[in-house]
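Examining the three-dimensional arrangement
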Amino acid sequence: MSDKPHQNLAIIGHVDHGKSTLVGRLLFETGSVPEHVIEQHREEAEEKGKGGFEFAYVMDNLAEERERGVTIDIAHQEFDTDNYYFTIVDCPGHRDFVKNMITGASQADNAVLVVAADDGVAPQTREHVFLARTLGINELIIGVNKMDLVDYQESTYKEVIGEVEDLLNQVRFATDDTTFVPISAFEGDNISEESENTPWYDGDTLLESLNDLPESEPPTDAPLRLPIQDVYTISGIGTVPVGRVETGILNTGDNVSFQPSDVGGEVKTVEMHHEEVPKAEPGDNVGFNVRGIGKDDIRRGDVCGPADDPPSVAETFKAQVVVMQHPSVITAGYTPVFHAHTAQVACTIESIDQKIDPSSGEVAEENPDFIKSGDAAVVTVRPQKPLSIEPSGEIPELGSFAIRDMGQTIAAGKVLEVNER
């Protein structure tokens, strides 16, 4: 660990637009990958007939992924700039991985959106931008990649910027704060040093842009919210729930409550990286033991919070959703699966209250009969079994969700208000 402030960075964008290559290049340029490892990757890539993939190989260290040329798991990699210590959340780019992106991107403070100059805005570019916006990623840096394939032409770069700006305006991302950089992850242009191939560009390199990101404030003042990922039984200790502190602070000696299971007790020990610690803060992955809690009392999807300010459990909730893809239309009564923090619960959309114009945020229609792909709406939702979720205005870290059905992400949303049970 370094004493610099930490940033979680998501790398998002359409499949094959060069995300893994960019990540490999960032690690390579910041000296986070030893030279001999790169050499080894280069030989291996050439043997497999994928010459040029060596930077991407740095990331894709699962053999199965290499064969397919696809990134699957969210790989955490680290590098430093002058101001920050970054952890890259390499977000998978293929259709079935959007759910990972939803749990992965929610761990990110900022994001680099990779758009290939020779392809422009593609379906997943659109989807990832929607998600980043809904999940509260604050700043986007847009890397217009593969400039080498379009002969570093400024006109192509400008066209792509135009397309991306249209997309950002559609989902109401403030385009004034957005940085665009023409790059080639493959050749290394404008990653750490200004490229001679883009004399028409006088902005920052990608690493300079990352270095200039605003510092994120950890949500330590908010009440403790710790979604449970798994529950283990460890001999000599007992039941150990494991999860990541999203907000607030977990201290030994705290009285905590798990919702919606509705059990609680006193925190006896907190462990991080196999060492006992007195407290855990936002971003920390911890295992902890609570007096009187047994293995069958709590489960994945529960949220741990202070006993005197327990996590909300929704009877119903109002949410703003953006429909990304649905083969037909969504009407009241639709019951897909909602993925919120670590919980997965079937929920019924009881009513569609308002259709929202995504570009202005104004109400376009009251009580519409249906919504379809591309629409934004305010809906009332009833979970089919107890779900702990918070209004995003109060605790944004527990206020966003993805809606999945038929093996794909249908929509993403944020909670406006919770009607507690």
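Residues numbered from 1 in each chain as written. Predicted model: local features only at pLDDT ≥ 70, side-chain atom pairs only at ≥ 80, totals over all residues. Heavy atoms only, no water.

As a further point, take the pattern of salt bridges. The tally for this structure, following the rule as stated, stands at 13 salt bridges. One salt bridge in this structure joins arginine 291 and glutamate 266, with 3.5 Å as the shortest N-O distance. You can see arginine 291 sitting in the loop between strand S14 (285-290) and strand S15 (303-306) and its partner glutamate 266 sitting in strand S11 (residues 263-272), a full 25 residues away along the chain. Judged by its relative accessible area of 45%, arginine 291 falls in the partly exposed class. Linking aspartate 375 and lysine 355 is a salt bridge whose minimum nitrogen-to-oxygen distance equals 3.8 Å. Within this pair, whereas aspartate 375 is found in the loop between strand S19 (363-366) and strand S20 (376-383), its partner lysine 355 is found in strand S18 (residues 343-356), the two being separated by 20 residues in sequence. Grouping residues by exposure puts aspartate 375 and lysine 355 together as buried. One salt-bridge network, held together by shared partners, links Arg225, Asp309 and Glu390. (Salt bridge = Lys/Arg side-chain N within 4 Å of Asp/Glu carboxyl O. Helix = DSSP H or I, 4+ residues; strand = E, 2+ residues; numbered from the N terminus. Buried < 20%, exposed > 50% of the residue type's maximum accessible area, 1.4 Å probe, protein only.)

What follows is about unusual backbone geometry. In this model, glutamine 259 is joined to proline 260 through a cis peptide bond whose omega is 5°. Inspection of the secondary structure puts proline 260 in the loop between strand S10 (255-259) and S11. One non-glycine residue, tyrosine 152, adopts positive backbone phi at about 55°. Positive phi is not limited to glycine here, since asparagine 190 has a value of about 55°. Residue placement: asparagine 190 occurs in the loop between strand S6 (179-182) and helix H8 (206-211).

Taken as a whole and judged by the stated rule, the model has eight aromatic pairs. Ring geometry for tyrosine 157 versus tyrosine 201: centroids 6.4 Å apart, planes at 80°, classification edge-to-face. Of the two residues, tyrosine 157 is situated in helix H7 (residues 154-170) and tyrosine 201 in the loop between S6 and H8; the sequence distance between them amounts to 44 residues. Residue tyrosine 157 shares its accessibility class with tyrosine 201, and that shared class is buried. On the numbers, 5.1 Å between centres and 35° between planes, the contact of phenylalanine 338 with phenylalanine 401 is tilted. Placement of the pair is phenylalanine 338 in strand S17 (residues 337-340) and phenylalanine 401 in strand S22 (residues 400-405), with a sequence separation of 63 residues. Across the pair, phenylalanine 401 and phenylalanine 338 agree in class, each one buried. Members of the aromatic cluster, joined through ring pairs, are Phe79, Tyr84 and Phe86. (Phe/Tyr/Trp six-rings, centres within 6.5 Å; stacked < 30°, edge-to-face > 60°.)

Okay, empty space enclosed by the protein next. Considering all chains together, one arrives at one cavity of 30 Å³ or more under this definition. Its volume calculated, the largest cavity comes out at about 40 Å³. Around the largest cavity, the lining residues are Val321, Val323, Ile330, Tyr334, Ile349, Ile371, Ile403, Ile410 and Ala411. For the lining of the largest cavity, the secondary-structure elements that each account for two or more residues are strand S16 (313-323) and strand S23 (408-420). Residue classes in the lining of the largest cavity are distributed as nine nonpolar, no polar and no charged. (1 Å grid on protein atoms, 1.4 Å probe; cavity = no way out; pocket = protein on both sides within 12 Å on 5 of 7 lines; lining within 4 Å. Points joined across faces, edges and corners; volume = space filled by probe spheres on them. Nonpolar A, V, L, I, M, F, W, Y, C, P; charged D, E, K, R; others polar.)

Okay, the UniProt feature "binding site: Mg(2+)" (unreviewed entry) in the chain next. Summarizing the sequence annotation, UniProt attributes the feature "binding site: Mg(2+)" (unreviewed entry) to Ser20 in the numbering used throughout. The topology assignment puts serine 20 in helix H1 (residues 19-29). (UniProt positions renumbered as here; feature names shortened; annotations may be inferred.)

The next point concerns a negative patch on the surface. Judged by side-chain charge, Asp118, Asp119, Glu159, Glu163, Glu165 and Asp166 come together as a negatively charged surface patch. Among the secondary structure elements, aspartate 118 is positioned in the loop between strand S4 (110-116) and helix H6 (123-134). (Patch = residues over 30% accessible without salt bridge, like charges linked within 9 Å, V, L, I, M, F, W, Y side chains within 5 Å. Areas by Shrake-Rupley, 256 points an atom, 1.4 Å probe, with all protein chains shown as cover. Lys, Arg positive; Asp, Glu negative; His and termini not counted. Charge placed at Lys NZ, Arg CZ, Asp CG, Glu CD.)

Note on placement: threonine 156 falls in helix H7. The residues touching threonine 156, leaving out its near neighbours within four places in the chain, are Ala117 and Val150. (Contact = heavy atoms within 4.5 Å.)

Its 17 residues place the ends of H7 24 Å apart at the C-alpha level, agreeing with the 24 Å of an ideal helix rising 1.5 Å per residue. Within the span of H7, buried status applies to Thr156, Tyr157, Val160, Ile161, Val164, Leu167 and Leu168. Considered in projection along H7, the buried side chains sweep an arc of 135° and stay on one side of the axis. At the exit of H7 stands arginine 172, carrying a positive phi of roughly 55°. (Expected span 1.5 Å × (residues − 1). Arc of directions from axis to C-beta.)

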